[in-house]
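# Summary of the model geometry
Each chain, letter by letter, is given below.
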Amino acid sequence: QNMLEELLIHQPDDPIEFMINHLKQSNHDAPRICVLGPPASGKTTVAMWLCKHFDAIRISPETLLFKETLALTEEAKAYKERKQKIPNALWANLIQERLSNVDCIKQGWVLEGFPENQEQAWMLQSSGIFPRHVVMLYAPDTVLIERNSGKRLDPLTQEVYHTAFEWPSDPLVQQRLVEPEDLSEQEVATKMLEYHRNFPDIFQNYQKVLKSINVDQPSIDVLSQVLTFVQTRRQSAAPFTPRILFCGPPGSGKSLQAALIAQKYGVVNICCGQLLKETVAAETKLGELVKPYIEKGCP
């Protein structure tokens, strides 16, 4: 299915060569996950934990701008330095360039905080970027504002902690924690309004592969729910022909259930007893062989 999607998107001049290269490069078991949510919902914590668990590559606004040397990095940084909003198309191109690298193809990726709106989602899809799982984190706004005020960052590992909710047990880690250069309470509130405005459209784009998880609970429970979800396999969108067999003793309702299923799902109902009677009535060679058993009521 993934190879068919790539063929339709890229429309290569040599489809056979394209498919051979795709099969050589692709790892269909590699994670392709988006972690979304409002400010202070724990996206970084969840994304980093998933990357450790799956040995995947974490992609975030910070990594794209400050830890990668991509062709478009300097252009994006220029917008940042001028305190201008980075265009959606530029973000999409940065993400596409990074995800096309061999490490992302082989190990898989966790995309943190993207897409932020429906336009970005469409651009990623038009570039052939389809996450297998989208984790949508949420909590009441009052909880998120409180969480934002207590955030602490480990500059060595980039892991995020909290003074009230998640404090490290290691004294060495405690000593090196710093307050991140984060958004003010007013800026967080503004970002939340923007997120709530864009959320319905993003949900519509990814609803078949999306799960919302409440982060207003112990972090171990959040991570457990996230892991359970991302380990599920999405059902293929390829056409599916059901084949159903009803078994049971006489009088158990096989015929009725089969008729109801056939009517509801538009499948063909084949009753073995009726099929045998029709074969006998047609007076075929097979019917002649079956007829003595039918007359005696033998199986």
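Above this text sits the structure in question.
The written sequence of each chain sets the order in which its residues are numbered from 1. Owing to the predicted nature of the model, reporting of local features is limited to residues with pLDDT of at least 70; listing and counting of side-chain atom pairs is limited to 80 or more, with chain, interface and lining totals taken over all residues. Based on all heavy atoms of the structure, the side-chain values leave hydrogens and waters out of the count.

## Here's the deal with the nonpolar core
For the purposes of this section, nonpolar cores are sets of buried Ala, Val, Leu, Ile, Met, Phe, Trp, Tyr and Cys residues that join through side-chain atoms within 4.5 Å. Relative accessibility under 20% of the residue-type maximum defines a buried residue, over 50% an exposed one, and the middle range a partly exposed one, all with a 1.4 Å probe and only protein chains included. Membership of the largest hydrophobic core comes to 29 residues, with the highest contact counts inside it found for Leu64, Ile95, Leu111 and Tyr206. When contributions to this core are tallied by element, the ones reaching two or more residues are strand 1 (32-36), strand 2 (57-59), helix 4 (61-66), helix 6 (88-99), strand 3 (109-112), helix 8 (118-126), strand 4 (133-138) and helix 11 (185-206). Per element, the largest residue contribution to this core is six residues, and it comes from helix 6. Note on conventions: DSSP H or I runs of at least 4 residues are helices, E runs of at least 2 residues are strands, and numbering of each starts at the N terminus.

## A closer look at the environment of Val46
Position of Val46 among the secondary structure elements: in helix 3 (residues 43-54). The buried category is assigned to Val46, whose relative accessible area is 4%. C-alpha of Val46 to C-alpha of Val222: the two residues are 176 residues apart in sequence and 8.5 Å apart in space. Once residues lying within four places of it in the same chain are set aside, the contact partners of Val46 are Val35, Leu137, Val222, Leu223 and Val226. Contacts between residues were defined by any pair of non-hydrogen atoms, one from each residue, lying within 4.5 Å.

## Observations concerning the sheet that holds strand 7 (residues 210-214)
In this description, strands pair whenever DSSP reports at least two bridges between them. Spatially, 2-3-1-4-7 is the arrangement adopted by the five strands of the open sheet, whose pairing is parallel. Where the open sheet ends on each side, the last strands, each with one partner, are strand 2 and strand 7. The average angle at which neighbouring strand axes cross in this sheet is 20 degrees, direction not considered. In this structure, strand 2 lies alongside strand 3, joined through three bridges in parallel fashion. Paired with Ile57 across the strands is Trp109, a residue of strand 3. Note on method: axes are straight lines fitted to C-alpha atoms, helices fitted across the in-contact stretch only, with angles between N-to-C directions ranging 0 to 180 degrees.

## Let's talk about the side chain of Gln120
Structurally, Gln120 is set in helix 8. Polar contacts here mean pairs of N or O atoms no more than 3.5 Å apart (in protein, one a potential hydrogen donor and the other a potential acceptor; neighbouring residues in sequence count only if both atoms are side-chain atoms). A polar atom in the side chain of Gln120 sits 2.9 Å from the side chain of Asn88. Apart from the residues lying within four places of it in its own chain, the contact partners of Gln120 are Asn88, Trp91, Phe114 and Pro115.

## Thoughts on the side chain of Arg32
When you line up the elements, Arg32 lands in strand 1. Only 2.6 Å separates the side chain of Arg32 from the backbone oxygen of Phe130, close enough to count as a polar contact.

## Some words on the pattern of salt bridges
Salt bridges are counted wherever a side-chain nitrogen of Lys or Arg sits within 4 Å of a carboxyl oxygen of Asp or Glu. This model, assessed by the stated rule, comprises three salt bridges. Lys85 is the salt-bridge partner of Glu194, the closest N and O atoms lying 3.7 Å from each other. Within this pair, whereas Glu194 is found in helix 11, its partner Lys85 is found in the loop between helix 5 (73-81) and helix 6, the two being separated by 109 residues in sequence. Looking at Lys85, the relative accessible area reads 60%, which means it is exposed.

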